[in-house]
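One-letter residues, chain by chain:
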Amino acid sequence: GNLINPSFSQKGMGTFVGRSKDLERAYSRDEPSSDAIRPLAVLRIALPHIVSRAAALGEEYLSDQLKGMRQDLRAQNIRNSFAVSVYEMHARVCLRLKNLSEFNQCQSAVRSFYNEGLTGENGDCFNEFLCYRMLYLTLGDKDDLAAVELKDIEKSIRGESEMDPRSAAAFKSEAVIQVVRFCSYIQQGDSALALKLVSAFDTDFKRLLRIFLQRQRIKWLREVIGGLKGNIPSSFLLKSLGFVPVDTAQVASDVNALEFIDGTFDQSLSNWQELIKLLKFQLPTDFSFMIATQQLISGKEEQSVNVDAVSLSNAVTQYCSFLTTRTDIATE
C-alpha cells in the first residue's frame, strides 16, 4: 500500500486528518480508519513517549511503533521535517535489528524527502543517508546503479561536474569520501583494500556492512582464488574476506579486546565457521582460527597454515552452482 511506496502522493485527494489521541499504535496491515490515525500534534507527543518506553520494551517494540507512526504520516500525506526525523530514526533502528527490507523503505523515503529540500528536526543528515545509499547499492549487488552513481560522485569530487550545493558539500566530507573509496574498491574487486577503510566508518555504516558481509564473502572468495593454484596462506584468506580486526594496526594480547569487521572475535569466528560449513570445505587439521588471527595481528602471516587453492575453488564453484538452482537462497 501507500506505506511501501515513499513517492506516493495524495494530491487532489483532499485533506485527511486523523482523530486518534493514542500515544501508541503498532503498524496495521489493514487500512486504518480516521479514528485510529493520529494527527501531527499527537504524533509529536507520541515520538518521545515511544522512545522512552523502548528503553524497557526493546528495539522491536520501537520499530513497530515507528512503522505505525509512518503509516499515520502516509495516510495524512504529512511531508515535513518531523516526518523526515521519524523515517531517519526508523532507518537506524532497522540497522540495529538487521531488518534490511524495512531499512530500505526508510532510506528510500528519506531520499525522496531530501530531494524535496526537506531536512529532519535534529539537523541535516544528508551525508549519512548518502553513505547508506552508496553502501546499500554496492553491497546489495545493485552494480549498475552503484557504478553510475559512483562515477558521478567521483567526477564531482574531482570538480569535473556541477552538482546541487547540498551534494557538492557532501562530497567534501571525509566520511563520504571514505565510503566512496570503499565502494570503488569493492566495485574493482579489491575487497582487502576496501576493508582497510572500515576503521573510519561510523557505527551504523559498520552495521549495514555486517548485514551483507556473509553474502559478499562468497563473491570476494571467488574473485580472490580465481586462477590460483597450489597453496595459499590461510592468513591471506582471512584478510581478503574481512575476518580481521577493524583496525589492523592495533596490537592487543587478547583478541577479545579488539573490534572485528564482524563485531567481536566470537562473531568473526562464528561467521568463519558458517562460511566453511556452507562451502563444505575441509580445512587442514592443523588450522586454528584463533592462531591464524593472532598471526595476522602480530605480523607473522608467513607462519600461517596453507590451504589448497584448487580444492577451495572447487568448493566455491559447487556452492555457486547449488545457489543457481535454489533461487530462494540466492536472493535472501
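Just so you know, these numbers come straight off a predicted model, no measurement behind them.

Concerning the overall build of the protein
For step 1, the next point in the chain: Looking only at helices and strands, the protein has 15 helices and two strands in total.
For step 2, the next point in the chain: Within the protein, the fraction of its 332 residues that count as buried is 47%.
For step 3, the next point in the chain: The long-range share in the protein, meaning contacts at least 24 apart out of those at least 6 apart in sequence, stands at 66%.
For step 4, the next point in the chain: Looking at the protein as shown, the accessible area adds up to about 16,600 Å², and 49% of this sits on carbon and sulfur atoms.

Some points on helix 2 (residues 59–75)
For step 1, the next point in the chain: Its 17 residues give helix 2 an end-to-end C-alpha distance of 24 Å, which sits within 8% of 24 Å, the value for a rise of 1.5 Å per residue.
For step 2, the next point in the chain: Buried residues dominate helix 2, accounting for 14 of its 17 residues.
For step 3, the next point in the chain: Downstream of helix 2 by one or two residues, Asn77 has phi in the positive range, about 55°.

With respect to the confidence of the model for the protein
For step 1, the next point in the chain: Predicted confidence across the protein gives a mean pLDDT of 86, with 88% of residues reaching 70 or more.
For step 2, the next point in the chain: Per-element mean pLDDT across the protein ranges from 48 in helix 15 (residues 327–330) up to 98 in helix 3 (residues 81–97).
For step 3, the next point in the chain: The low-confidence segment residues 1–14, where pLDDT is below 50, has 26 contacts with residues more than four positions distant or belonging to other chains.

Considerations on the environment of Arg29
For step 1, the next point in the chain: Within the secondary structure, Arg29 sits in the segment before helix 1 (40–57).
For step 2, the next point in the chain: In the structure, Arg29 is positioned 42 residues away from Gln71 in sequence and 9.8 Å away in space, judged by C-alpha atoms.

Comments concerning unusual backbone geometry
For step 1, the next point in the chain: The phi torsion at Lys98 lies on the positive side, around 60°, for a residue other than glycine.
For step 2, the next point in the chain: Its location among the elements puts Lys98 in the loop between helix 3 and helix 4 (100–115).
For step 3, the next point in the chain: We classify Lys98 as exposed; its relative accessible area is 61%.
For step 4, the next point in the chain: Within the chain, Lys280 stands out as a residue other than glycine whose phi angle is a positive 55°.
For step 5, the next point in the chain: Inspection of the secondary structure puts Lys280 in the loop between helix 12 (265–279) and helix 13 (289–297).

A look at the pattern of salt bridges
Side chains that differ in charge, positive against negative, can pair when their charged atoms come close.
For step 1, the next point in the chain: Overall, the coordinates contain 14 salt bridges when judged by the stated rule.
For step 2, the next point in the chain: With a shortest N-O distance of 2.6 Å, Arg207 and Asp204 are connected by a salt bridge. Highlighted residues: Arg207 and Asp204, both in helix 10 (residues 203–225), separated by three residues, approximately one helical turn.
For step 3, the next point in the chain: Exposure remark for Arg207: the relative accessible area of 29% places this residue in the partly exposed category.
For step 4, the next point in the chain: The residue Glu259 makes a salt bridge to Lys206 at a minimum N-O spacing of 3.2 Å.

Quick word on helix 12
For step 1, the next point in the chain: The end-to-end C-alpha distance of helix 12, which contains 15 residues, comes to 21 Å, matching closely the 21 Å that a straight helix rising 1.5 Å per residue would cover.
For step 2, the next point in the chain: Residues of helix 12 that are buried include every one of Phe265, Ser268, Asn271, Trp272, Leu275, Ile276 and Leu279, and no others. Summarising the axial view, the buried residues of helix 12 lie within an arc of 135°, below the 170-degree limit, and thus occupy one face. Away from its buried face, by an angle of more than 90 degrees, helix 12 presents the exposed residues Asp266 and Lys277.
For step 3, the next point in the chain: Packing partners of the buried residues in helix 12 comprise helix 10, helix 11 (234–241), helix 13 and helix 14 (309–325).
For step 4, the next point in the chain: In the stretch just after helix 12, Lys280 is the one whose phi turns positive, near 55°.

Rules used throughout
- Residues numbered from 1 in each chain as written.
- Predicted model: local features only at pLDDT ≥ 70, side-chain atom pairs only at ≥ 80, totals over all residues.
- Heavy atoms only, no water.
- Helix = DSSP H or I, 4+ residues; strand = E, 2+ residues; numbered from the N terminus.
- Buried < 20%, exposed > 50% of the residue type's maximum accessible area, 1.4 Å probe, protein only.
- Contact = heavy atoms within 4.5 Å.
- Areas by Shrake-Rupley, 256 points an atom, 1.4 Å probe, with all protein chains shown as cover.
- Expected span 1.5 Å × (residues − 1).
- pLDDT = per-residue confidence, 0-100.
- Salt bridge = Lys/Arg side-chain N within 4 Å of Asp/Glu carboxyl O.
- Arc of directions from axis to C-beta.

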